[in-house]
Amino acid sequence: MTVVLDREGLMCLVKGSSPDYSVFSHPLLIAAGHSYSDQYGRMDWHGLDKLTDSQLWELYLICRKRKK
């Protein structure tokens, strides 16, 4: 099965992700402009529009990895 995502779909994937604290210093996370938005630890992304599609995909892969 193949899933094709447009830019908006890629941004939604990232917005639904929460990176592990150990990767907060990653340059791509810094470029994406992330911060915690509330007491439940939800992320607020305010720089995703500056990233390319391939950077958004890489950011999603970084965010979904959890430290074991």
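Residues numbered from 1 in each chain as written. Predicted model: local features only at pLDDT ≥ 70, side-chain atom pairs only at ≥ 80, totals over all residues. Heavy atoms only, no water.

Colleague: How would you explain the overall build of the protein if you had to name every residue and give the values?
Modeller: Secondary structure summary: the protein contains three helices and two strands in total. For the protein, the α and β elements follow one another from N to C terminus as α-α-β-β-α. For the protein, with 68 residues in total, the buried portion stands at 34%. Residue pairs at least 24 apart in sequence account for 55% of intrachain contacts in the protein once pairs closer than 6 positions are excluded. Of the roughly 4,900 Å² that the protein leaves accessible, carbon and sulfur atoms contribute 54%. (Helix = DSSP H or I, 4+ residues; strand = E, 2+ residues; numbered from the N terminus. Buried < 20%, exposed > 50% of the residue type's maximum accessible area, 1.4 Å probe, protein only. Contact = heavy atoms within 4.5 Å. Areas by Shrake-Rupley, 256 points an atom, 1.4 Å probe, with all protein chains shown as cover.)

Colleague: Go over helix α1 (residues 7-15) with me, naming the residues and quoting the values.
Modeller: Among the residues making up α1, those that are buried are Gly9, Leu10, Met11 and Val14. The secondary structure elements touched by the buried residues of α1 are β2 (43-45) and α3 (53-64).

Colleague: Report on the environment of leucine 51, specifying residues and quantitative values.
Modeller: By the element assignment, leucine 51 lies in the loop between β2 and α3. Separated by 19 residues in the primary sequence, leucine 51 and alanine 32 have C-alpha atoms spaced 7.1 Å apart. In this structure leucine 51 touches Arg7, Leu28, Ala31, Ala32, Leu56 and Leu59, once residues within four positions along its chain are discounted.

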